[in-house]
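Summary of structural features
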Amino acid sequence: MINRLKLFFTSSRFKIALWYAAVFLVLETILGVVIYFYILQKSEAALDSNIESQAKAILRGIEEKHFDLETFQPDSIYKSKDELIWDIIYDAIVFNRRNTFIQISSLAGVVFKSANLVGNEIKAEQSNQNKIIKYYNPKLSEHPIRLCILRGRGYSVIVAYPTDQIEQMLGLLNELYLIIAPLFFIISIAGGFVISYKSLSRIDKIILKTSEITAHNLKEIIPGGNYKDEFGRLVNTMNEMIGRIKKSVEYMNEFSLAAAHELKTPLTILRGEIEIALKSEKSKERYIEVLQSNYEETLRMIRIIDNLFFISKSEKDLIKLERCPVELSTFLKSVVDNMKMVARERGMYISLNLSKDIIINIDTGLIKQALYNIIDNAIKYGIEKSTIEITSKEISEKINISITNSGCGIEPDKVEKIFDKFYRADESRTKKSGGVGLGLSVVKSIIELHGGSVFVNSKPNETTTFSISLPKEELV
Amino acid sequence: MRILVLEDEKKVASFIKKGLEEELYKVDTAFNGKEGLELTYSNEYDLIISDIMMPFMNGIDYVREIRKGGITTPVLLLTVKDSTKSKIEGLDSGADDYLTKPFLFEELTARVRALLRRKDFIKENILKAGELQLDLVAHKASLSGEEVMLTPKEYSILEYLLRNKNKIVSRTKLIEHVYDYHFDSGTNVIDVYINKLRNKLTNKDGKPFIRTVRGMGYSIKD
C-alpha cells in the first residue's frame, strides 16, 4: 500500500497535475493582482480628474469674479460668504454634494469650509508654488479621502472625496479572490489529473508493450505510431530502434549459425576419427595417420574462425590496412608461384597475362589472401587439366585483375549472392573447400577495404571470371 | 552386409568406411549422388548411408531417384542441417532414418543394426538357427553355448545366410553382400569359405548347418 502510494506520488501523472495546478494558481494570483491594481488605478484616476476639475472651476470662479473673500460684505445678491462660494461651487459640483469636501484658504488662513467638514480641517501642506496639483490620501476623521489641492493667486482650493467606496469594492474583490482561488486550485488539480491521465495512459500502453519485448519477439511493434504527436513520434522512434535491434540480432543469429555450420564438418571428422581410433587398438602408423588428419581439421577450424573474425572485424572497420607500394606483375607472379603446386595436383595450369610497370599501393598480406581464396576456388571448381587465366591491366584510372577458370560455373541467379557470408552457391561448397565458404566474403571485405570492388561473371558450364577492380587514386 | 556410403567430404567418408569395416561390414563409398546412383543400380546393398549436401545431386534427390527406380534398400541420411523441416523433407523423400553431424559413431552403428534388423524382420541383435547363435554386436558365433572362432569373412557369410534363414541364397548374392566392389566374382573363393564354415559348424548328429542346394546356392534351416 505504502509502495503504491509512493509510486503514485512519484508518478508523472501526479507531478503533472501538481504542476498544472501550481501554474494555474500563479496565473490566478497574477490576474487578481492585475485586476486589483487596475481597478484601483482607474477609479483613483477618475476621482482625481473629477476633484481636479471641481477645484479648477472653483478657483476660476473666485479669480474671474475678483472676489475678496477676506473682506467680503454681505450685499443684496449674496447674503453670506458661503452663499457666494456655493454659487461658484454649484457650477462645478459633480459628485454627491454631501460627500464632497471643499476647503478654500487664503494666505491668512482658511476662508471657507464646506458644511460637511464641520469642525475638521484638511491639513494640507502649504506651498507658495502656484498651480500645483497634488493628490494624496490623508485621513479625515478616520475616513480615507482623495484630495486635490489647487493653488491660485491668493487662494488655494482643496477638493476632497472619500474613497470608502473604492476600498469597499476592492475589499469585495479580495474576498471573491479568497473564495475563488482555492476552488479553482482544487478544480485545476482535478483537471490536471484528467489531462495527465489522458496523455499518460498511452505512455502506460507503451511501457506495457515495451516490457513484453525480448530478443525473440522483435517482430512485434509498439502500437500508436500513427498519431502525429510526440507520443506517436516516440513510438515510431522506439519501433525504429526495435527494427535496428532486430536486424543486428538476426545478423548475430545468422552469424553464429553460419559459424556453427562451418565448424560442424571438421568436428564431425575429428569426432568420428578419434572415436574409431579409440575403439580398438590400432597400429602406430594408423594412429599417426589419425593425428595427422586431426591436425589438419584443427587447422581448418582455426581458418574458419579467422575468416569469421576477419569478416566481422572488417564490418566494424577494425582492420587497419598496412599499405606498401609493389609492382603488380611481380607481386601476382609470387602469389601464383605458391598456387602452382596446388593447381598441378589437379593437372591444371595457371597462365599469366600481366601488364608491366604498374605500381600499386596495397596491403600485400590481405590482397595475397584475397587472390589466394579466388585462385583456390578456381582450382577446386575448375575442370581437371584446364587452364586458369590471370590478367592484370590498367583501365581508365583503375587497376583490373581478373581470374578466369573453366568449370561448372555459377548459375545467374546465384552470382549476386556468392559474396554473402552466409551463402553457398552449391550447398556442399563449404565442405569441399574446407571452410573457405567464407573465403569469397573475405575477398569482398578485403577489396572493399582497399576502396575497390569485386564482381563475377559466369557462363554456366563454360567459364567463370572473378574481376577485382582497385582504384588508381589510392596509389601513391 | 554391404553398405554404400555417399559423402562428398572424403575424410568423413573414409572414417565411416573404416569404422564400419571394423564392424565387419563391407563398405563402398561415393562422393556425390550421381556416382552413388551408378553404384546403387549396379550392386545390391543392404544399407545406404547418404549425406544430404553433396554436389551434382544432393542426398534427398538421390533417395527420391532410387525409390522411383524401385530400390527399397534402407537409407540413413546424414547431415549438418538439424531443423525439423529438413528432417521431415529427408524422411518424406523416402529415407528411413536420420542422423545429424557431428554424430557419435556408436549411434551410427546402432542405427545401422536397427535398420538392417528391420529390413530382415529381425527383432534381436542375435541371429539363431537351432543351436547356432550369432551375436551381431559382439560379432561372435556360438554352437550349443560354445564359442566358435570365425574369420571376418566367415562371419559375414554366416551373417548373411542367417539373415536369410530358410531361404536359398545364391552364390552371386553372397558375393554381392559380403564383398565390396574390388572383388573379382569369377573365382570360387565363396565355396572355399563355405567349406571352412561347414567344418566349424556341425550339428551333434553330424549334419552340416549349411546345405548346398545344387545349382542354386546355399541355405540354413532351423
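Residues numbered from 1 in each chain as written. Chains lettered and ligands numbered in written order. Predicted model: local features only at pLDDT ≥ 70, side-chain atom pairs only at ≥ 80, totals over all residues.

With that settled, the discussion passes to helix H7 (residues 328-345) of chain A. All names here are of chain A. Its 18 residues give H7 an end-to-end C-alpha distance of 26 Å, which sits within 8% of 26 Å, the value for a rise of 1.5 Å per residue. In H7, a bend of some 40 degrees at Met-339 exceeds every other bend along the element. Within H7 the residues assigned to the buried category are Leu-328, Leu-332, Val-336 and Ala-343. Of the surrounding elements, those touching the buried residues of H7 are strand E7 (324-327), strand E8 (349-354), strand E9 (359-362), helix H8 (364-381), strand E10 (387-395) and strand E11 (398-406). (Helix = DSSP H or I, 4+ residues; strand = E, 2+ residues; numbered from the N terminus. Expected span 1.5 Å × (residues − 1). Bend = angle between axes of the 7 residues up to and from the residue. Buried ≥ 20, exposed ≤ 12 C-beta atoms within 10 Å, placed from the backbone. Contact = placed C-beta atoms within 7 Å.)

Turning next to the confidence of the model for chain B. All names here are of chain B. Residues of chain B with pLDDT of at least 70 account for 95%, and the chain-wide mean is 86. The least confident element of chain B, judged by mean pLDDT, is helix H7 (residues 171-178) at 82; the most confident is strand E1 (residues 2-6) at 94. In the predicted complex, the global pTM is 0.57; the interface-specific ipTM is 0.71. (pLDDT = per-residue confidence, 0-100.)

What follows covers the sheet that holds strand E7 (residues 132-135) of chain B. All names here are of chain B. Spatially, the 4 strands line up as an open sheet ordered E6-E7-E8-E9, and their pairing is antiparallel. At either end of the open sheet lies a strand with only one pairing partner, and these are strand E6 (126-129) and strand E9 (146-148). Within this sheet the neighbouring strands show an average axis-to-axis angle of 25 degrees, counted without direction. Where E7 meets strand E8 (residues 140-143), 4 bridges bridge the pair, whose relative direction is antiparallel. (Pairing = 2+ DSSP bridges. Axes fitted to C-alpha atoms, helices over the stretch in contact; angles between N-to-C directions.)

Another point: the interface of chain A and chain B. If you look at the interface, chain A gives 19 residues, while chain B gives 18 residues. Per element, the largest residue contribution to the side of chain A that touches chain B is 12 residues, and it comes from helix H5 (residues 230-279) of chain A. Looking at the side of chain A that touches chain B residue by residue, the classes come out as 3 nonpolar, 7 polar and 9 charged. (Nonpolar A, V, L, I, M, F, W, Y, C, P; charged D, E, K, R; others polar.)

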